[in-house]
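# Working through the structure, step by step
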Amino acid sequence: MGTASSLVSPGEVIEDGYGGEGGEACVIPVEVKPKARLLRSSFRRAPRVIGASFKSTGSVDLEYAAEYERLRKEYEIFRVSKNNEITSMQKKEAKLDEENKRLRAELQALQKTYQKILREKESALEAKYQAMERAATFEHDRDKVKRQFKIFRETKEKEIQDLLRAKRDLEAKLQQLQAQGIQIYDLNDSDSDDNQTTVTAAGTQCDYWSGGVLGSEPSMGSMMQLQQTFRGPEFAHSLIDVEGPFANVGRDDWDAAVASLLQVSPHVPQALWSNTVRCYLIFTQETKPELDVFIKKHSPVLRRMCEGLGHFYLNVCFPEETAASYDVERKQEIERSSVCVLLVKSTVTSSVVEDCEEAFVKNPDGHPLVLYLRTEEDHTLTGPTRQLLERINAADKAAKVKVVDHRGSAEEGADLIYSQLEKVIKQELLCLEGADVDSKDSGIDEGREEDSGDVLWDLHDEQEQIESYQQACSCTSSQLGFQKYIDRLNDMIAAPPPTPPLLVSGGPGSGKSLLLSKWIEQQQKQSPNTLFLYHFVGRPLSTSSEPVLIIKRLTVKLLQHFWSISGLSMEPSKILEEFPRWLERLSARHQGNIIIIIDSIDQIQQAERHMKWLIDPLPVNVRVVVSVNVETCPQAWRLWPTLHLDPLSPREVRSVVNAECQSMELKLTKDQEKKLERHCRSASTCNALYVTLLARMIISSISGCSLEKSLEQCLQCQDTMSLYRLALKMTLNSLNTDRERHIMREILCLVCSSHNGVSESEVLDLFTELELPVLSSLLYRLNRLCIVTLRCGLIRFQHLQAWEAVRLEFLGGGSSSAAYREKLIQYFSQQLSPDRVTWRVADELPWLLQQQDDRTKLQLSLLNLFVSQNLYKRGHFSELLAYWQYVGKDKSSMATEYFDSLKQYEKSCENEDSMTKLANLYETLGRFLKDLGLPSQAVAPLQRSLEIRETALDPDHPSVARSLHQLAAVYVQWKKYGNAEQLYKQALEISENAYGAEHASVARELESLAMLYQKQNNAAKLFLTRSLETRQRVLGPDHPDCAQSLNNLAALHTERREYETAEDMYERALDIRKRALSPDHPSLAYTLKHLAMLYKRRGKLEKAVPLYELSLDIREKSFGPKHPSVATALVNLAVIYCQLKNHSDALPLYERALKVYEDSLGRSHPRVGETLKNLAVLSYEEGDFEKAAELYKRAMEIKEADPSLVCGNAPSRHSSSGDTFSLRGPAPLPQAPR
């Protein structure tokens, strides 16, 4: 029992809760229930009676106290639980922090591994370039002597045979020639034997008129004809002292001369006009039987031979009865002809005399000439014929006319003409080394492929670009006022670096292509050291608008000027990715500027996506000029410096019109000139194309309707498109028959529906009733009206507006194209036999089937092994892949399809020729699968190709060595180095036995072995040491090439952790390059960088600092202070300062590098994030935690924005290297030099 005193203390005031007054509490001896009882009663839920007893009031207060106690306990429990949670979260945070550190360490390790692999790749490629450079030089000198001796020996032997034969023939023919009335010079009155008549015996032929009235002794120029093929710039970069006329020529002068020579591709035969062997045949009615036999029997053979070698063949002849109406066309065809043949007997007509005057007398040296003279005993030459032959003889001072004197049947005469033409085409036009080339050759010269290594590219694409440039240069532009634009182009190109691409904009037909061509032509004369790489984009969906082919062509052209074109990937994505890296590396080697010009770049499919390299900073000596239509220019490019072509002024319009009228001796009246001036005032009527087309339409109409009427019709057209459509209608109306009009529509529709155009021979095949004079006249008219042109032997549209006008006028906007594509499909499908598949079939047929959405036939055409082989060997790898992707086949199923197709073809192979073709097909398939990244599947076809060549040819044949080389390359890619080593050694042995120790093939195998051993890290030192010793003996110990070998050896020793030896070699290389090269040469900076990296690796930071500072200075002078490469050097130097605890010097370097990266690469580039991360670490170590957190947060935002890259682990495309170091962890090892 308790007392009430336990509830209320004495003296406390008790408030009455029921309205009564309070009073002072007193000690009242009242007995109450125990506390526990009170507590229990406080939780009872029964209603209570409100009263004034003290017992009730005390119970309420006890309840409050209990509630308080309960809440206090609950709070204590809550507090303890939360403290436990906080402790647990702190542990998790510590664990995550440790995991973050571990991941950062792994990321740094991955970064080092990536940089190491990248440098290994670069060093491997560089070693290959150096080996090929030396091998190519030795091969060039050796082949040069061999060719000179061979040509000299063969020429002298031939001269002796000709003289002996001529002596016999002179005695036999003397009486016959006198009977025919030909004057014979007295031998006693002649000062030399040059005037002796030489006509071969009946039924025989001779190569040159080596004596007599018709010729003289062959000149040395003709004997050296086979040396005219330029083998590339290897000799220009040769480091061997030469003797002879070039002994005192400096290397810089030689480089300048070679740079100017290389502006035109050496691969394209210059004797051919537009890739076509055009045989102009001049005949009479007396020699028509020979002509008929030749065209029917021998012309198809010559055509197959030329098409197999990648060229077109066309017979051009105008019948006597209609020749007079084709005067202009005949002169044009003679000018374009590759070879002219005169077939004459006793009489000649006026048209024959005119053609002979043009071809044989006025320009006897313009092209090869063949004279077929049919003689009979009872026939004598008429006076005009005799006079014609005498004029031909007088003009033939160089003795180039080849005479075939025949007395026999027409069939035998046609055989003699064919034999002579075949020899002329092979030796003089196509520049083949021997006259016994198989006419059924595949057309892809294997030797040519070996010369270019493993890089395959299309000579037709190259010739198309050359002809586009030459045709633009041939146009007159003096009336267009382009000089002001050319001056502005020169000023913008001369602006200090770094400069973004220069944009040349204008409306359609404003003259952008013409301006760029004229500017290139002018710059090539004024700046011989400048390398120009240009590309003219054709209409959409054509080959010239394929982005991968464009970039590959530019890369190959770039590499051609720098000693080698090996090492180029075939994979489309890698071609686009590696181009800026090639550009940066090779620009450092070039002494002058490199200017890249891309015309109509907006016509490229997905130009912004495939031309991303344009928005990155360019090397300091590289400029890019692109042209676009102002309406279709991408928005992102509009911020570039722009040169806009304005509409022509009234004075320029008058100049263009007057120039065209003067060419036809036509003069407009004052009233007509005023009409033209008033009409050509809007933007659509005063551009260059519109005015030129308008003037030519006025001129071409003078033979038909009146000039005034034609002018009124033209002035109703308010834009170029409507004017083109009017030109098409006027041309149709000028034709004589409905049949000719129908043929014109059909030809234009076929050209519009094709991939790249159609050739003249293909048109004649499709329209068998069409005669060549009619076709020639039609093409001449369309060319004059700027509608079509001939480019690379194909009829193409001159301008995109002409293509669009034909599409709207004749094809209903393209709705009728399917019918014409089907017609072309039927034509090219007939040429799918193994002996007839040419580059034209491979170019057109798959593309046409794709446009027709016929996947089944497309797959069948791709499974024609010769079609796929042609595409692949011409470098259209991306196009071939795109076709298979369109069909819906992956890599493995595609390989299976090819295997099955090859097995079926192998069953039909019986003779040696078919087995050789089979081996080539297997090799092509193996290389194709290797490029696809399927080495396991590539082994089987290459192995089969090797077995066939060993069986069909000989185990020691050079082709066997090539198979061994390709098979070894697959094993290297497959990382089976032991198998690859054995194959490379076998290939080396075969090549040495076949060619000798000093040949490019031998050098290639040695280089491959060195690269293999470097991958194995085994015997590369032996080869590199041998290379160094050879260079020291040949070039001297202080030559820069010796420094290159020392760099390679030093990199090898570094990788083997033989640091002392590596340091000694780097120092020797640095000493040589300091003496031999300029202080700001990039190669010097390269050696400095790697020696500094080695010092840093070995902890010699004080010795590394001056090297990094010098490397930074060189990069600033070479690339400019705002180039990303300079920022990389700044970061490297800052890292060294940080490791030396010199944070005050490191901080401004980091800040400057960050500014350069942000200005050149953008604020969200991974390199910016990497620099921010390093700055954050530096701020953290300095104790500035707030700044460090801010910098690190921004770095992480950049990382999260591009999750594929990890804070700059991917090097910038345009930095000089990817060697930016992290503040944590050891620096990466130096790799092989450049």
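Residues numbered from 1 in each chain as written. Predicted model: local features only at pLDDT ≥ 70, side-chain atom pairs only at ≥ 80, totals over all residues. Heavy atoms only, no water.

As recorded in an unreviewed UniProt entry, the chain goes by the name Nephrocystin-3, listed as coming from Gymnodraco acuticeps. Looking at the chain in UniProt, the text filed under Subcellular location (unreviewed entry) is "Cell projection, Cilium". (UniProt positions renumbered as here; feature names shortened; annotations may be inferred.)

### Some thoughts on the sheet that holds strand β14 (residues 622-629)
Here five strands make up an open sheet; going across it, the order is β12-β13-β14-β11-β15 and the pairing parallel. The outermost strands of the open sheet, each flanked by one partner alone, are β12 (531-536) and β15 (642-644). Going across the sheet, the axis of each strand differs from the next one's by a mean of 15°, ignoring polarity. By the bridge criterion, five bridges tie strand β13 (residues 594-599) to β14 in an arrangement that is parallel. Of the residues in β14, the one forming a bridge with Ile594 is Val622. Here helix α15 (residues 572-587) sits on the sheet in contact with β13 and β14, set at roughly 150° to β13. (Pairing = 2+ DSSP bridges. Helix = DSSP H or I, 4+ residues; strand = E, 2+ residues; numbered from the N terminus. Axes fitted to C-alpha atoms, helices over the stretch in contact; angles between N-to-C directions. Contact = heavy atoms within 4.5 Å.)

### Observations regarding the sheet that holds strand β16 (residues 758-759)
Spatially, β16-β18-β17 is the arrangement adopted by the three strands of the open sheet, whose pairing is antiparallel. Strands at the two margins of the open sheet, each flanked by one partner only, are β16 and β17 (788-791). Sheet topology note: the β16/strand β18 (residues 794-797) ladder contains two bridges and is antiparallel. From the neighbouring strand, Ser759 faces β18, where its bridge partner is Leu794. Sheet strands in contact with helix α11 (residues 459-474) are β17 and β18, and its direction is about 130° off that of β17.

### Some words on the packing of helix α38 (residues 1040-1055) against helix α39 (residues 1059-1076)
With their axes 8 Å apart at the nearest point, α38 and α39 run at an angle of 160° to one another. With respect to their mutual orientation, α38 and α39 come out roughly antiparallel. You can see that α38 and α39 cross each other, and the crossing is left-handed. Of the residues in α39, those in contact with Pro1040, Ala1043, Gln1044, Leu1046, Asn1047, Leu1049, Ala1050, Ala1051, His1053 and Thr1054 of α38 are Tyr1059, Thr1061, Ala1062, Met1065, Tyr1066, Arg1068, Ala1069, Ile1072, Arg1073 and Ala1076. (Parallel < 35°, antiparallel > 145°, perpendicular 65-115°, else oblique. Left-handed = near helix turned anticlockwise from the far one by under 90°.)

### Quick word on the nonpolar core
In this structure, Trp519, Leu748, Ile787 and Phe797 are the most contacted members of the largest nonpolar core, which totals 182 residues. Here the element with the most residues in this core is helix α19 (residues 688-700); it accounts for ten residues. If you look at the next biggest cluster of nonpolar residues, it comprises 58 residues, including Leu1088, Ala1104, Tyr1108 and Ile1198. (Core = buried A, V, L, I, M, F, W, Y, C linked by side-chain atoms within 4.5 Å. Buried < 20%, exposed > 50% of the residue type's maximum accessible area, 1.4 Å probe, protein only.)

### Here's the deal with empty space enclosed by the protein
If a probe as big as a water molecule is rolled over the atoms, it shows which places are left empty. Size it by volume and the second largest cavity reaches roughly 150 Å³. Secondary structure elements with two or more residues in the lining of the second largest cavity: α11 and α14 (547-560). Here the residues of the lining of the second largest cavity are counted per class, giving three nonpolar, six polar and seven charged. (1 Å grid on protein atoms, 1.4 Å probe; cavity = no way out; pocket = protein on both sides within 12 Å on 5 of 7 lines; lining within 4 Å. Points joined across faces, edges and corners; volume = space filled by probe spheres on them. Nonpolar A, V, L, I, M, F, W, Y, C, P; charged D, E, K, R; others polar.)

### Focus: a positive patch on the surface
Residues Lys667, Lys670, Lys674, Arg678 and Arg681 make up a contiguous surface patch of positive charge. Residue position: Lys670 is located in helix α18 (residues 670-679). (Patch = residues over 30% accessible without salt bridge, like charges linked within 9 Å, V, L, I, M, F, W, Y side chains within 5 Å. Areas by Shrake-Rupley, 256 points an atom, 1.4 Å probe, with all protein chains shown as cover. Salt bridge = Lys/Arg side-chain N within 4 Å of Asp/Glu carboxyl O. Lys, Arg positive; Asp, Glu negative; His and termini not counted. Charge placed at Lys NZ, Arg CZ, Asp CG, Glu CD.)

### Here's the deal with the environment of His1143
As for its placement among the helices and strands, His1143 is situated in helix α43 (residues 1143-1161). Note: C-alpha distance between His1143 and Glu1181 (38 residues apart in sequence) is 9.1 Å. Non-local contacts of His1143, meaning those with residues more than four positions away in its chain, are made with Tyr1137, Cys1138, Leu1178, Glu1181 and Glu1182.

### Looking at the pattern of salt bridges
Across all of its chains, the model carries 58 salt bridges by this definition. Among the salt bridges present, the one from Glu76 reaches Arg79, with a minimum N-O distance of 2.2 Å. Placement of both Glu76 and Arg79 in helix α2 (residues 54-180) is noted, with a separation of three residues, approximately one turn of the helix. What makes Glu76 partly exposed here is its relative accessible area of 32%. Under the relative-accessibility criterion, Arg79 is labelled partly exposed at 33%. Asp1038 is the partner of Arg1075 in a salt bridge, and the nearest nitrogen-oxygen pair spans 2.8 Å. Of this pair, Arg1075 sits in helix α39 while Asp1038 sits in the loop between α37 (1020-1035) and α38, placing them 37 residues apart in sequence. Given the relative accessible area of 49%, Arg1075 is considered partly exposed. Among the ionic contacts, a cluster of salt bridges with common partners joins Glu1060, Glu1063, Arg1098, Lys1100 and Lys1103.

### Things to note about the side chain of Ser776
Mapped onto the fold, Ser776 is located in helix α24 (residues 772-784). Look at Ser776 and you get buried, because its relative accessible area is 4%. Beyond its immediate sequence surroundings of up to four residues, Ser776 is in contact with Glu329 and Glu333.

### Notes on the pairing of β18
Residues of β18 alternate between two faces, with Leu794 and Arg796 on one and Ile795 and Phe797 on the opposite face, all of them buried. The pairing of β17 with β18 spans four bridges and is antiparallel. Directly across from Leu790, in β18, lies its bridge partner Ile795. In this structure, the hairpin formed by β17 and β18 is closed by a connection of two residues, where Cys792 is found at a positive phi of approximately 60°.

### Overview of a negative patch on the surface
Where like charges cluster on the molecular surface, the negative patch consists of Glu1181, Glu1182, Asp1184, Glu1186 and Glu1190. For the negative patch, the elements supplying multiple residues, two or more each, are α44 (1166-1182) and α45 (1185-1201). The topology assignment puts Glu1190 in helix α45.

### A short note on helix α22 (residues 738-753)
An ideal rise of 1.5 Å per residue puts 22 Å on 16 residues; α22 measures up with 22 Å between its terminal C-alpha atoms. Along α22, the positions that sit buried rather than exposed are Arg741, Ile743, Met744, Glu746, Ile747, Leu748, Cys749, Leu750, Val751, Cys752 and Ser753. (Expected span 1.5 Å × (residues − 1).)

### Some words on the packing of aromatic side chains
The tally for this structure, following the rule as stated, stands at 18 aromatic pairs. Ring geometry for Trp637 and Trp640: centres 5.2 Å apart, planes at 15°, overall stacked. Trp637 gets classed as buried once you look at its relative accessible area, which sits at 2%. On the accessibility criterion, Trp640 (11% relative accessible area) is buried. Centroid distance Tyr898 to Phe928: 6.1 Å. Interplanar angle 90°. Geometry classified as edge-to-face. Within this pair, whereas Tyr898 is found in helix α31 (residues 891-907), its partner Phe928 is found in helix α32 (residues 912-931), the two being separated by 30 residues in sequence. Taken as a pair, Tyr898 and Phe928 share a single burial class, namely buried. Ring pairing ties together the aromatic residues Tyr872, Phe877, Trp884, Tyr898 and Phe928, which thus form one cluster. (Phe/Tyr/Trp six-rings, centres within 6.5 Å; stacked < 30°, edge-to-face > 60°.)

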